[in-house]
Amino acid sequence: MNEIEIHAQVATVDCWSCGAEFIIASAIRLTRGDETAECDIADFTEFPQLAATLSDCLSAIANLGPLKLRHSATVGGSYFSNGCAHCDALFGRHFEIATRNEERLGASFTAPAVDGWGKMLGDLLASNDGHLF
Ligand SMILES: [Zn+2]
């Protein structure tokens, strides 16, 4: 299996800072054959190239907040994150969990495993808590 299937879930949220409604990428599932792992946007922090591909594939969704590195005082560093489409406030990963029952499919695509998707899936499957960040 040389291809990875990527399914990105999105959800509508309200900004904690300015109150605007926008869309976040709430969960991303990577599948190769019968191996599958689900992660969130923060897990892409160590995979900037994959983050850029994901961001491109979701760019057609109106009102999606920019996916990029943002500084978090809570974490004490920067991580790849969702943020408000209006004011760019960081939408922290712990808020993402609250959106789980309102998710819908935002985009799905396949990508060559050699581009790094295979490594990311392997790392996710090998991690103790299912996350890389
Ligand atoms: Zn905002």
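First, a word on scope: everything that follows refers to the structure included in this document. (Residues numbered from 1 in each chain as written. Predicted model: local features only at pLDDT ≥ 70, side-chain atom pairs only at ≥ 80, totals over all residues. Heavy atoms only, no water.)

Formed by 29 residues in total, the largest nonpolar core has its most connected members in I6, I28, L30, F44, L54, L58 and W117. Residue contacts for F44: discarding those within four places in its chain leaves I28, C39, L50, A51, L54, F80, W117 and M120. The next biggest cluster of nonpolar side chains, apart from the first, holds nine residues, and it includes C15, A20, I24 and F91. (Core = buried A, V, L, I, M, F, W, Y, C linked by side-chain atoms within 4.5 Å. Buried < 20%, exposed > 50% of the residue type's maximum accessible area, 1.4 Å probe, protein only. Contact = heavy atoms within 4.5 Å.)

The next thing to look at is the coordination of the zinc ion. Note on metal sites: the ideal angle is 109.5 degrees for four tetrahedral donors, and 90 or 180 degrees for six octahedral donors. For the zinc ion, every protein donor is listed as C15 (SG), C18 (SG), C84 (SG) and C87 (SG), and the spread of their distances is 2.3 to 2.4 Å. Around the zinc ion sit four donor atoms, and with donor-metal-donor angles ranging over 104 to 114 degrees the site reads as tetrahedral. The sequence pattern formed by the donor residues of the zinc ion is C-x2-C-x65-C-x2-C. Residue C15 is found in the loop between strand 1 (3-14) and strand 2 (21-32), and its partner C84 is found in the loop between strand 5 (77-83) and strand 6 (90-91); the two are separated by 69 residues along the sequence. Each member of the pair C15 and C84 is classed as buried. (Donors = N, O, S within 2.8 Å, 3.2 Å for Na, K, Ca; no water. Tetrahedral: all angles 85-135°; square planar, octahedral: opposite > 155°, others 65-115°. Helix = DSSP H or I, 4+ residues; strand = E, 2+ residues; numbered from the N terminus.)

For the structure shown, the criterion picks out zero disulfides. Here C39 is not cross-linked by a disulfide; its sulfur's nearest cysteine counterpart is in C57, at 14 Å. The exposure class of C39 is buried, given its relative accessible area of 1%. (Disulfide = S-S within 2.5 Å.)

Its place among the elements puts A107 in strand 7 (residues 104-112). Owing to a relative accessible area of 11%, A107 belongs among the buried residues under this scheme. Each C-alpha atom of the pair A107 and I23 lies 13 Å from the other, and the pair is 84 residues apart in sequence. Once residues lying within four places of it in the same chain are set aside, the contact partners of A107 are I6, H7, A8, C57 and L58.

What follows is about the pattern of salt bridges. If charged atoms from side chains of opposite charge come close, those side chains can pair. Across all of its chains, the model carries six salt bridges by this definition. Here R93 ties to D40 by a salt bridge, and the two come within 2.9 Å at their closest N and O atoms. With R93 in helix 2 (residues 93-96) and D40 in the loop between strand 3 (35-39) and helix 1 (48-58), the pair connects residues that are 53 residues apart, well separated along the chain. Residue classification places R93 among the buried positions, given a relative accessible area of 12%. You can call D40 buried: its relative accessible area is 7%. Between K68 and D88 there is a salt bridge whose closest N-O contact spans 2.8 Å. Taken as a pair, K68 in strand 4 (residues 68-72) and D88 in the loop between strand 5 and strand 6 lie far apart in primary sequence, 20 residues in all. You can call K68 partly exposed: its relative accessible area is 33%. Residue D88 is classed as partly exposed on the basis of its relative accessible area of 30%. Several salt bridges share partner residues, and in doing so they unite D40, D43 and R93 into one network. (Salt bridge = Lys/Arg side-chain N within 4 Å of Asp/Glu carboxyl O.)

The element strand 2 is largely enclosed, with a buried count of nine among its 12 residues. Bridge count between strand 1 and strand 2: 10 bridges; the pairing is antiparallel. Residue T12 lies in a different strand from strand 2, and its bridge partner there is I23. Counting the residues between successive antiparallel strands, the hairpin from strand 1 to strand 2 contains six residues, one of them, G19, with a positive phi of roughly 85 degrees. Turn length for the strand 2-strand 3 hairpin, with the two strands adjacent in sequence and antiparallel, is two residues, and the turn residue G33 shows positive phi of about 60 degrees. (Pairing = 2+ DSSP bridges.)

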